[in-house]
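Observations on chain architecture
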Amino acid sequence: MSDDLSDFNMSMRKFLKQVGVTSQQAIEEGLRNAGDLGGREFKAKVVLTVDGLDIEHEVTGTIKGQG
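In this text, all values refer to a predicted model and were calculated from it rather than measured experimentally.

**Notes on the overall build of the chain**
Across its full length, the chain holds one helix and two strands. Along the chain, helices and strands appear, N-terminal first, in the series α-β-β. The C-alpha atoms of the chain give a radius of gyration of 16 Å, which is well past the 11 Å a tight globule of 67 residues would have. Classification of the 67 residues of the chain by burial places 4% in the buried group. Sequence-distant contacts, at least 24 apart, represent 29% of the contacts inside the chain between residues at least 6 apart. If you sum the accessible surface of the chain, you get close to 6,000 Å²; carbon and sulfur atoms cover 52% of it.

Shown next as structure tokens:
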């Protein structure tokens, strides 16, 4: 694998890990701050844009409250 491709893959993985970890932390904090939300479902949406590229990628889903 070329160094350029390896660097690309490493930077992509690092970015996606950061997105996943920080997003989970934000959601968990929001649920804690909202109180007892057991049994409720929340619609979630993430919009990814990349400066310099014509990309707008949207991911939607449902998150179930704790409880």
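**Some details on the pairing of strand β1 (residues 41-49)**
Remember that side chains alternate between the two faces of the sheet whenever the strand is regular. Where β1 and strand β2 (residues 56-64) come together, nine bridges link them in antiparallel fashion. Considered in β2, the bridge of phenylalanine 42 is made with isoleucine 63. What sits between the antiparallel neighbours β1 and β2 is a turn of six residues, in which glycine 52 has the positive phi angle 90°.

**Observations concerning a nonpolar patch on the surface**
There is a patch of nonpolar side chains on the surface, built from Leu5, Phe8, Met12, Phe15, Leu16 and Val19 and spanning about 510 Å² of accessible area. Mapped onto the fold, valine 19 is located in helix α1 (residues 3-34).

**Here's the deal with the environment of alanine 44**
If you trace the backbone, alanine 44 turns up in strand β1. Separated by 22 residues in sequence, alanine 44 and threonine 22 have C-alpha atoms that sit 15 Å apart.

**Things to note about the environment of asparagine 9**
Among the secondary structure elements, asparagine 9 is positioned in helix α1. Along the primary structure asparagine 9 and aspartate 51 are separated by 42 residues, whereas in three dimensions their C-alpha atoms are 18 Å apart.

**Here we look at the environment of leucine 31**
Within the secondary structure, leucine 31 sits in helix α1. Along the chain, leucine 31 and glutamate 58 lie 27 residues apart, while their C-alpha atoms are 22 Å from each other. Leave out the neighbours within four places in its chain, and leucine 31 touches Leu37, Phe42, Gly65 and Gln66.

**Concerning α1**
Given a rise of 1.5 Å per residue, 32 residues ought to cover 46 Å, and the 46 Å separating the end C-alpha atoms of α1 matches this to within 8%. Following α1 by one or two positions, glycine 35 has its phi on the positive side, about 90°.

Criteria and thresholds
Residues numbered from 1 in each chain as written. Predicted model: local features only at pLDDT ≥ 70, side-chain atom pairs only at ≥ 80, totals over all residues. Heavy atoms only, no water. Helix = DSSP H or I, 4+ residues; strand = E, 2+ residues; numbered from the N terminus. Rg over C-alpha atoms; globule rule 2.2 N^0.38 Å. Buried < 20%, exposed > 50% of the residue type's maximum accessible area, 1.4 Å probe, protein only. Contact = heavy atoms within 4.5 Å. Areas by Shrake-Rupley, 256 points an atom, 1.4 Å probe, with all protein chains shown as cover. Pairing = 2+ DSSP bridges. Patch = residues over 30% accessible without salt bridge, like charges linked within 9 Å, V, L, I, M, F, W, Y side chains within 5 Å. Salt bridge = Lys/Arg side-chain N within 4 Å of Asp/Glu carboxyl O. Expected span 1.5 Å × (residues − 1).

Treat this as a map of the structure, not an account of what it does.
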